[in-house]
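Survey of secondary and tertiary structure
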Amino acid sequence: MTTDLASTDIQALHSIAGTMIPVDTEFGTPGADDPAILADIAKSIGRDLPLIRTALAEIDKRAGGTFASLDRERREALINDWYATGGAAAAALGRVVLAAYYRDDRVLRALGHEARAPFPQGHVVEQGDWSLLDPVKRRAAFWRDDRGR
């Protein structure tokens, strides 16, 4: 797993991601702490690295030490409370975890989707009423056209 996170941060991320999205045996989906999903989370942090580090530190601080040492119920309550007030760090953590989770083939299949890219096969898009665009097409341009210069 290539990442700029320290091993302690990866361990914290493991506990937090697993609390945010636990295993669901009813639907057969892994938790966000699954090794493949966790690796995807860690490698896709990118520009959000400072915010993710802030999130991990804030969560551990609220836990009074180590988030992973709390029981399941206290972890869920802490994440829910923190997420409501965590600002940009909470948004970044949620975005990174959810994006990696919903890229996982097992999750896509459990949701009834094919685990593939939308192209080259594409998806059928129902045709709408193109005449609805006629008023827009007739409207005069409202931007400066500098192509003639």
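Bear in mind the structure is a predicted one, so any value in this text is a computation, not a measurement.

1. A closer look at the side chain of Asp 104
With respect to the secondary-structure elements, Asp 104 resides in the loop between α5 (87-101) and α6 (105-110). Side chain to side chain, Asp 104 and Arg 106 meet in a polar contact 2.8 Å long. Excluding residues within four positions of it along the chain, Asp 104 makes contact with Pro 30 and Ile 37.

2. A word on the pattern of salt bridges
What the rule picks out here adds up to six salt bridges. Across the pair Arg 103 and Asp 40 runs a salt bridge, and its minimum N-O distance is 3.0 Å. Residue Arg 103 is found in the loop between α5 and α6, and its partner Asp 40 is found in helix α2 (residues 35-43); the two are separated by 63 residues along the sequence. Accessibility expressed as a relative area gives 42% for Arg 103, which makes it partly exposed. Among the salt bridges present, the one from Asp 48 reaches Arg 95, with a minimum N-O distance of 3.0 Å. Here Asp 48 is found in the loop between α2 and α3 (49-63), whereas its partner Arg 95 is found in helix α5, with 47 residues between them in sequence. Residues joined in a network through salt bridges with shared partners are Asp 34, Asp 104 and Arg 106.

3. Re α2
Taken together, the buried positions of α2 are Ile 37, Leu 38, Asp 40, Ile 41 and Ala 42. Buried residues along α2 sit in contact with α1 (7-20), α5 and α6. For α2, the side-chain oxygen to backbone nitrogen distance between the N-cap and Ala 36 is 3.0 Å, and the N-cap itself is Asp 34.

4. Structural notes on the nonpolar core
One broad rule of soluble globular proteins: the nonpolar side chains tend to lie buried together. Ranked by size, the top nonpolar core spans 33 residues in total, and within it Leu 13, Ile 41, Ile 59, Phe 67, Trp 82 and Leu 93 carry the most contacts. Breaking this core down by element, the ones donating at least two residues are α1, α2, α3, α4 (72-85) and α5. The element contributing the most residues to this core is α5, with eight residues. Not counting chain neighbours up to four residues away, the residues in contact with Phe 67 comprise Ser 15, Ile 16, Thr 19, Ile 59, Asp 60, Arg 75, Leu 78 and Ile 79.

5. Thoughts on the packing of aromatic side chains
Tallying each qualifying case throughout the model produces three aromatic pairs. Ring centres of Tyr 101 and Tyr 102 lie 5.1 Å apart, and the angle between their planes is 90°; on these two criteria the pair is classed as edge-to-face. Centroid distance Phe 142 to Trp 143: 5.6 Å. Interplanar angle 75°. Geometry classified as edge-to-face. The exposure class assigned to Phe 142 is exposed, which follows from its relative accessible area of 63%. Assessed through its relative accessible area of 55%, Trp 143 is described here as exposed.

6. Section: the environment of Lys 43
Checked against the element boundaries, Lys 43 lands in helix α2. Spatially, the C-alpha atom of Lys 43 lies 43 Å from that of Phe 142, the residues being 99 residues apart in sequence.

So, how was this worked out
- Residues numbered from 1 in each chain as written.
- Predicted model: local features only at pLDDT ≥ 70, side-chain atom pairs only at ≥ 80, totals over all residues.
- Heavy atoms only, no water.
- Helix = DSSP H or I, 4+ residues; strand = E, 2+ residues; numbered from the N terminus.
- Polar contact = N/O pair within 3.5 Å; in protein donor to acceptor, adjacent residues only side chain to side chain.
- Contact = heavy atoms within 4.5 Å.
- Salt bridge = Lys/Arg side-chain N within 4 Å of Asp/Glu carboxyl O.
- Buried < 20%, exposed > 50% of the residue type's maximum accessible area, 1.4 Å probe, protein only.
- Core = buried A, V, L, I, M, F, W, Y, C linked by side-chain atoms within 4.5 Å.
- Phe/Tyr/Trp six-rings, centres within 6.5 Å; stacked < 30°, edge-to-face > 60°.

Coordinates in, geometry out; function isn't part of it.
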